[in-house]
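Spelled out, the chains give:
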Amino acid sequence: MPISHPPDDTPIAILYRDAHLVAVHKPSGLLVHRSPLARGETRFLVQQLRDQLGQRVYPVHRLDRPTSGVMLFALDSRTAAELNAAFTEQRVSKRYLAVVRGVGPEAARLDYPLREEDGPRPKAEMPAQAALTEVRRLDSVELPVAVDRYPQSRYSLMEARPHSGRRHQIRRHLSRRGYPIIGDAKHGKGVHNRFFAERLDCPRLLLAAVTLSVEHPRQGRWLTVTAPLDAGMTALFERFGWAGHLPGGGFTWHDMPPEASPQPQAESEYGDA
């Protein structure tokens, strides 16, 4: 799948900013910072946001290159340390939207341990680490198109709430369950990825971090930031009749940790990595 890059002169969308932290909408295809994956890239979110704000920024969590959505940055080292601790100790709430192949489960707790795929040793030699993702089907669609071996093709809109932060966790959990995310070149299926890229104008991983909630280190209240979807995903949702699930952008404050939305009784899934 080709990587979709935002134009060089497009400013990073600011979702929330104060003297201590800033939340932005990371575009799909933009690396957060320099890494061995850069391969000649010259644009990175950290550098672009630093130049845009005119001050140093500190990333406190990560999003994969093809994933879009809410990213939080600290604006000073003290706040960075406190936010890093919140993410490490899983004192945050994250909500993603994903478009997957098939009719996904109404609700499920995906509890497959995961091994590091890009570690210093072969994957089979890496230790299995506990990982939990709660998923819920929000909607589905059936297209009268034979993309694979069936005369119709079914796709679902899934909500995913990861309770741990393993690399590619949502992508790997949904793929392991049998519902790979569209646009996932590593864990998905090429024929469906090409259909969305060539016929539906969506040449990207259809995974977006839409909501992030964290206790503000200075305010003593919970901050919830929501990011809208980009133009490509928005057009797809409207085409599939899913416009009612489009998130708006903005932020809200809460005195208590925000509760997860009510879910049906979930089926539990377990397995070896």
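Above: the structure in question.
Residues numbered from 1 in each chain as written. Predicted model: local features only at pLDDT ≥ 70, side-chain atom pairs only at ≥ 80, totals over all residues. Heavy atoms only, no water.

Peer 1: With reference to specific residues and values, describe helix H5 (residues 231-240).
Peer 2: If you check which residues of H5 are buried, you get Met-233, Leu-236, Phe-237 and Phe-240. The buried residues of H5 occupy one face: seen down the axis, they fall within an arc of 100°. Opposite the buried face of H5, at more than 90 degrees from it, the exposed residues are Ala-231, Glu-238 and Arg-239. Structurally, H5 contributes buried residues whose contacts are with strand E5 (92-101), strand E7 (133-143), strand E8 (153-162), helix H4 (190-199) and strand E9 (207-215). Gly-241 sits one or two positions beyond H5 and adopts a positive phi of about 80°. (Buried < 20%, exposed > 50% of the residue type's maximum accessible area, 1.4 Å probe, protein only. Helix = DSSP H or I, 4+ residues; strand = E, 2+ residues; numbered from the N terminus. Arc of directions from axis to C-beta. Contact = heavy atoms within 4.5 Å.)

Peer 1: So what's going on with the pattern of salt bridges? Residues and values would help.
Peer 2: Inspection of the entire model under this criterion finds 13 salt bridges. The residue Glu-159 makes a salt bridge to Arg-136 at a minimum N-O spacing of 3.3 Å. On the criterion of sequence distance, the pair formed by Glu-159 in strand E8 and Arg-136 in strand E7 is long-range, its members being 23 residues apart. Arg-136 matches Glu-159 in its accessibility class, with the two residues each being buried. Salt bridges sharing partners connect three or more residues here, namely Arg-95, Arg-136, Glu-159 and Arg-161. (Salt bridge = Lys/Arg side-chain N within 4 Å of Asp/Glu carboxyl O.)

Peer 1: Got a sec to walk through the side chain of Glu-159? Specific residues and values, please.
Peer 2: Judged by relative accessible area, Glu-159 falls into the buried class, the value being 1%. There is a polar contact of 2.5 Å between the side chain of Glu-159 and the side chain of Arg-95. (Polar contact = N/O pair within 3.5 Å; in protein donor to acceptor, adjacent residues only side chain to side chain.)

Peer 1: Mind laying out the pairing of strand E4 (residues 68-74), listing which residues take part and the relevant values?
Peer 2: Most of E4 sits out of view: seven of its seven residues are buried. Judged from the six bridges that link them, strand E2 (residues 21-26) and E4 form a sheet pairing that is antiparallel. Bridging from a neighbouring strand, Leu-21 pairs with Ala-74 of E4. Across two bridges, the pairing between strand E3 (residues 58-59) and E4 is antiparallel. In the sheet register, Tyr-58 faces E4, and the bridge partner there is Ala-74. Here E4 pairs with E9 via two bridges, running parallel. Looking at E9, one finds that Ser-68 is bridged to Ala-208. (Pairing = 2+ DSSP bridges.)

Peer 1: Which residues make up the environment of Leu-223, and what values go with them?
Peer 2: With respect to the helices, strands and loops of the structure, Leu-223 is situated in strand E10 (residues 222-226). With a relative accessible area of 1%, Leu-223 lands in the buried category. In the structure, Leu-223 is positioned 30 residues away from Trp-253 in sequence and 4.9 Å away in space, judged by C-alpha atoms. With residues up to four places along the chain from it excluded, the contact list for Leu-223 reads Tyr-16, Leu-21, Leu-212, Ser-213, Val-214, Phe-251, Thr-252 and Trp-253.

Peer 1: Could you give me a rundown of the side chain of Thr-79, with the residues and numbers involved?
Peer 2: Summarising the element assignment, Thr-79 is placed in helix H2 (residues 77-88). Discounting chain neighbours no more than four positions away, the residues touching Thr-79 are His-20, Ala-74, Pro-217 and Arg-218.

Peer 1: Could you give me a rundown of the packing of aromatic side chains, with the residues and numbers involved?
Peer 2: Tallied over the full model, the rule gives seven aromatic pairs. With 4.8 Å between their ring centres and 70° between their planes, Tyr-16 and Phe-251 make a pair best called edge-to-face. With Tyr-16 in strand E1 (residues 13-17) and Phe-251 in strand E11 (residues 250-254), the pair connects residues that are 235 residues apart, well separated along the chain. You can call Phe-251 partly exposed: its relative accessible area is 40%. A ring pair is formed by Phe-196 and Phe-240, whose centres lie 6.1 Å apart and whose planes are at 90°; its orientation type is edge-to-face. Taken together, the positions of Phe-196 in helix H4 and Phe-240 in helix H5 put the pair 44 residues apart, joining distant regions of the chain. Of the two residues, Phe-196 and Phe-240, neither departs from the other in class, the shared state being buried. Of the aromatic side chains, those joined through ring pairs into one cluster are Tyr-155, Phe-195, Phe-196, Phe-237, Phe-240 and Trp-242. (Phe/Tyr/Trp six-rings, centres within 6.5 Å; stacked < 30°, edge-to-face > 60°.)

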